[in-house]
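Observations on the model geometry
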Amino acid sequence: MGYTGLRIHHHPVLTFRRGREVTIYFEGEPIKAFEGEALAAALYAAGHKILRYSPKHGRPRSVFCMIGKCGSCIVEVDGIAKRACQELVRDGMRVRRIKGYPVLKEAGGGAKPVEEVEAEALIIGGGPAGLAAAEVLGTHGVRTLIVDDSHRLGGQLIKQTHRFFGSRELFAGLRGFQIAEKYEEKIRSFESVDVLLRTTAIGVFKEGVFAVGEERNYVLRAGTYLVATGAVENYLPFENNDLPGVMGAGAAQTLMNVWGVLPGKRPLIVGAGNVGLIVAYQLLQAGAKPAAIVEAAPRIGGWFVHAAKVRRYGVPIYVRHTIVAAHGEEGVEAATIAEVDERWRPIPGTEKTIECDAVLLAVGLTPNVDLLRQFGAKTKYVPELGGLTALRTEYLETTVPGVYVAGDVAGVEEATTAIIEGWIAGYSMLMKLRGERDEWMKERERLLKLLKTYRSSPVSARVRAGLEKVIIGGEEVA
Amino acid sequence: MREPSPDGIASPDLIKELGYVPNEERLRKGPVAIFECVEPIPCDVCVWACPLKAVSMGEITEKPVIDFNKCIGCGICVGRCPGQAIFVVDLSKDPPQVTVPYEMGEAPAKGVEVELLNRVGEPVGRGRVVKFFKDNLTYVVTVEVPSPELVMEVRAVRPVRGGDGA
C-alpha cells in the first residue's frame, strides 16, 4: 500500500504545519510519515486502516474516536501498547498490530517517576469549558492547573473550521480553531495557570487525582476541582458497524482538520444534527464528496442554515432513512440505507445501496462522567442531555462540595454554552477559594442570564427539559 | 407560516414571507442584501458587521430585521454570517448580479466563468465573476447571472471543471 490520495494538500481555511518527513515501520514495512503527527493519521493516510484485531472474533479494528477514548486503535509501539491516535510520530518508530488483548509492559528503565502537584484549582479537560474557567481563575491570580490528554489545548474546538454563531463576547464570527488559538495564547499569558498536556487523569484516589503523562505520572491535589471532560461519540447498531472506515463524525473532523487526512473520498454521513451537517461541509472544503446524509427523523435535527450550506453543493439529505449495513472486506466499500417508519424501523423493500468509502456516525454524544463518579458526585440518567450526568446547582457545583462541572460532561450542548458554563464555574470556584464578593456575584448572575438567553430558542427545548432534571438547590450539596 | 423543507431548503416564498425581500422598486434601484436566516439562532453577527447599521435585532435569538433603505448591498455581512445565509442581489445591472460566500478554495478570479448553483446544487447556468473580496478566509464573490429570475435562485458558485476557473 502506498499512495491513497487521502492527504489534504490544499485547504481553503486550514494550513497544515507538518513536521519533517520521517520513516516509521508498520508490521516491518517502511512508511513515510510526518514527525509530530498522530500515528493513527499517518497509518490511515498510508492506507493501513486495520490497526488491530478484536480479541474474541479477530475482527479488524480501525480508528473510531481519534481522541483517545475508545481503544479501537491500540497498537504496539516499540513493544508497548499505545493509542495510535494519541501517539505522535517519531522517526524510526516500529509499530505492530495487536491480535487479542494488549499486554501491559513497562518501558525500559522501570516505572515512571511520580510527581505530586498542589494547586488551588485543578481543571480536568482543556476544552472550551475548562479554558473559560481557567480564564476567570487566571484573571484573579488563582493558582490553577489544567490537565488534558491531548497534544494541544482547545478540546474539540481545534477541529472546527466553521465560523461560530453568537455575540461579540462569545467570539462569534471566529472559526473554532481560531477561538482555540486565542484562548491558548490568553491562558499561557497567566502566570498563575499551568498546563499539563498529553497527560490523562485516570482516577480519583484519597491521595488526589492520578494522571498519566508521557515522561512521568502525577498525583494532583487542589482546593477546588472542575471536571470538564467533555463527551464521547455514540455508536449505532447496524450490520458491519465495526468495519474499518466506520467512525465517529468527530473522529473524521480530527483526521481531516487537525491532521490533514481525509477519512474517505466519498463518505456517507449518518445523522443530520449539527455535527453531521457541519462535517459534510468540512468534507467538501477538504476536497471530498460526501455521498449523502441520512437522518432517521422526519426532518433535519441541526440548524437549517447548516443544511442549506451542503444542499447548495448538491449533497443529498435523506430524512426518514437510516443505515442498515456497511459492506466491504477490509474497509467500507458501500452501505445499504433504508427508509424507516414512525418508530424508526427500516421498511423492507426500501433498501438502497450507496457507494461510499467511509461511514461517519453523527448520532449523538455521551457525557464522559467516569471521573465525576469517582469523585463521588451523584449522577442521573437524562436522555435529553446525552446520558448519565452530574446533579449540580445552577452555579455548577456537584453534590460533592468543591467539585464542579461544565461543558458537554454536564449535558451535551455546544461550544458557546460550554464557554459560558466555564465562566460560571470559574466564578464559583473563585468564590469557594476567596470568599464571596459583590462584583463576582453580579458577574456570575449576568452570565447565568446570558446562558438562559442562549438556551431560549425552541431548538434548545430538549436541553432545557433535561436541565430541569439535574439542577438541585445549594442545600443538596452534601 | 411556511417552514423550510425537512431536508433544509428555504423556498423564495418563505424568504419573502419573513420580510427578507424588498419591494420591486428597491430591488431595481441597486444592490441589496437578501437574508435567508429562517430560525431563531442565538447570533447577532450581522448586526455589528453592517457598517451602515441597516440590521437590527431584539433579543439575540430573534431574527434580524433589515432596513432596505439603509442597506447598500456592500456584501460585508455576506462574508461574516456564520450561517452563510446572506446574499446580495443587484437587478440594477445588466446582466443582473448575485453575491455569494465562497469557502471552497481560492476565489475564482475576476472575469472567470463559473457554474451557478441553486439551493439544491443544480447548475442553473453560467456566469462571470465581477469582483470578490476576502473576510477571515471567506471569499465574497459577485457573479453575473443570465436572467433576472435567477437572482433569487443562484446561491453558490463552482469553478467550471477543466475550464479557466478550475
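Owing to the predicted nature of the structure, the values given are computational and were not obtained by experimental measurement. (Residues numbered from 1 in each chain as written. Chains lettered and ligands numbered in written order. Predicted model: local features only at pLDDT ≥ 70, side-chain atom pairs only at ≥ 80, totals over all residues. Heavy atoms only, no water.)

**As for the pattern of salt bridges**
If you walk through the whole model with that rule in mind, you get 33 salt bridges over all chains. Across the pair A:R20 and A:E35 runs a salt bridge whose closest N-O atoms are separated by 3.2 Å. On the criterion of sequence distance, the pair formed by A:R20 in the segment before β1 (21–26) and A:E35 in the loop between β2 (29–34) and α1 (39–45) is long-range, its members being 15 residues apart. By relative accessible area, which is 32% here, A:E35 ends up partly exposed. A:R175 is the salt-bridge partner of B:E103, the closest N and O atoms lying 2.9 Å from each other. Taken together, the residues B:E103 in the loop between β5 (97–102) and β6 (113–117) and A:R175 in the loop between β10 (144–147) and α3 (176–189) connect one chain to another. The exposure classification of B:E103 matches that of A:R175, with both residues buried. (Salt bridge = Lys/Arg side-chain N within 4 Å of Asp/Glu carboxyl O. Helix = DSSP H or I, 4+ residues; strand = E, 2+ residues; numbered from the N terminus. Buried < 20%, exposed > 50% of the residue type's maximum accessible area, 1.4 Å probe, protein only.)

**What about the packing of helix α8 (residues 415–434) of chain A against helix α9 (residues 438–454) of chain A?**
Packed helices, taken two at a time, are described by the angle between their axes plus the distance between the axes. All names here are of chain A. Interaxial distance between α8 and α9 falls to 10 Å at its minimum, and their mutual angle equals 160 degrees. Classified by the interaxial angle, the pair formed by α8 and α9 is roughly antiparallel. Every pair of crossing elements has a handedness; the one defined by α8 and α9 is left-handed. Here α8 contributes T416, T417, I420, E421, W423, I424, Y427, S428, L430, M431 and R434 to the contact with α9, which in turn contributes W440, M441, E443, R444, L447, L448, L450, L451 and Y454. Of the residues in the contact of α8 with α9, the class split is 13 nonpolar, 3 polar and 4 charged. (Axes fitted to C-alpha atoms, helices over the stretch in contact; angles between N-to-C directions. Parallel < 35°, antiparallel > 145°, perpendicular 65-115°, else oblique. Left-handed = near helix turned anticlockwise from the far one by under 90°. Contact = heavy atoms within 4.5 Å. Nonpolar A, V, L, I, M, F, W, Y, C, P; charged D, E, K, R; others polar.)

**Structural notes on the domain arrangement of chain A**
Residues and elements named next belong to chain A. Considered domain by domain, chain A is made up of domain 1 (21–99), domain 2 (114–232 + 370–476) and domain 3 (246–365). Distance between the C-alpha centres of domain 1 and domain 2: 31 Å. With 7 residues of domain 1 at the interface, the matching set in domain 2 holds 10 residues. Taken together, both faces of the contact between domain 1 and domain 2 bury some 640 Å²; the carbon and sulfur share is 39%. Run the count over domain 1 and domain 2 and you get 1 salt bridge. (Domains from an automatic or database assignment. Buried area = accessible area lost by both parts, 1.4 Å probe.)

**A few points about the interface of chain B and chain A**
Contacts between the two partners involve 45 residues from chain B and, on the opposite side, 37 residues from chain A. When the two sides are added together, the surface that chain B and chain A hide from each other amounts to roughly 3600 Å², 56% of it contributed by carbon and sulfur. Its largest share of buried area at the contact with chain A, chain B owes to B:D7, B:E103 and B:M104, together 17% of the area lost on that side. The partner of A:R311 in a salt bridge is B:D7, and the shortest N-O contact between them spans 3.1 Å.

**Details of the pairing of strand β4 (residues 86–90) of chain B**
Taken residue by residue, a regular strand's side chains alternate between the two faces of the sheet. All names here are of chain B. With 5 of 5 residues buried, β4 lies mostly within the body of the structure. Covered by surrounding structure in β4 are I86, V88 and D90 together with F87 and V89, the residues of both alternating faces. Pairing of strand β1 (residues 32–35) with β4 involves 4 bridges; the strand directions are antiparallel. Paired with F35 across the two strands is I86, which belongs to β4. Sheet topology note: the β4/β5 ladder contains 3 bridges and is antiparallel. (Pairing = 2+ DSSP bridges.)

**Some remarks on the side chain of A:T224**
For A:T224, the location among the structural elements is in strand β14 (residues 217–227). If sequence neighbours within four positions are ignored, A:T224 has contacts with A:E120, A:A121, A:L122, A:G402, A:Y404, A:M429, A:K432 and A:L433.

**Quick notes on the sheet that holds strand β8 (residues 98–99) of chain A**
Residues and elements named next belong to chain A. Strand order across the open sheet formed by 3 strands is β4-β3-β8, with mixed pairing between neighbours. Looking at strand neighbours, the two that pair on one side only are β4 (60–61) and β8, the edges of this open sheet. With 2 bridges joining them, strand β3 (residues 52–53) and β4 adopt antiparallel strand pairing. Across the sheet, residue Y53 finds its bridge partner in β4, namely P60.

**A look at the packing of helix α2 (residues 128–139) of chain A against α3(A)**
Residue and element names in this part refer to chain A. Taken N-terminus to C-terminus, the directions of α2 and α3 make an angle of 35 degrees; their axes are 10 Å apart at the nearest point. In this structure, the crossing between α2 and α3 has a hand that is left-handed. Seen from α2, the contacting residues are L131, A132, A134 and E135; seen from α3, they are Y183, K186 and I187. Split into classes, the residues belonging to the contact of α2 with α3 amount to 5 nonpolar, no polar and 2 charged.

**Some details on helix α4 (residues 249–258) of chain A**
Residues and elements named next belong to chain A. With respect to burial, α4 is a largely interior element, 10 of its 10 residues being buried. Among the residues making up α4, those that are buried are A249, G250, A251, A252, Q253, T254, L255, M256, N257 and V258. For α4, the secondary structure elements touched by its buried residues are α1, β15 (231–233), β16 (246–248), α5 (274–286) and β23 (358–361).

**Some details on the environment of A:E384**
Positionally, A:E384 belongs in the loop between β25 (379–382) and β26 (387–390). Residue class for A:E384 comes out buried when judged on its relative accessible area of 18%.

**Considerations on the sheet that holds β1(A)**
Residue and element names in this part refer to chain A. Spatially, the 5 strands line up as an open sheet ordered β2-β1-β7-β5-β6, and their pairing is mixed. Of all strands in the sheet, those bounded by a partner on one side alone are β2 and β6 (80–83). Going from strand to strand, the sheet's axes swing by 40 degrees on average, the running direction of each strand aside. For strand β5 (residues 74–77) and strand β7 (residues 94–96), the ladder comprises 2 bridges, and the chain directions are antiparallel. Paired with V77 across the two strands is V95, which belongs to β7.

**Quick look at the state of the cysteines**
A full pass over the atoms with the stated rule returns 0 disulfides over all chains. A:C70 supplies the cysteine sulfur nearest to A:C356, a cysteine that is in no disulfide, at a spacing of 20 Å. (Disulfide = S-S within 2.5 Å.)

**Regarding the packing of aromatic side chains**
Residue and element names in this part refer to chain A. The tally for this structure, following the rule as stated, stands at 6 aromatic pairs over all chains. Measuring from centroid to centroid gives 4.2 Å for F64 and Y235, while their planes differ by 5 degrees, and the two rings are stacked. Highlighted residues: F64 in the loop between β4 and β5 and Y235 in the loop between β15 and β16, separated in sequence by 171 residues. Classification of F64 as buried rests on a relative accessible area of 5%. Classification of Y235 as partly exposed rests on a relative accessible area of 43%. The ring of Y281 is capped by K309, whose NZ or CZ atom sits 4.2 Å from the centre of that ring. (Phe/Tyr/Trp six-rings, centres within 6.5 Å; stacked < 30°, edge-to-face > 60°. Lys NZ or Arg CZ within 6 Å of the ring centre and 35° of its normal.)

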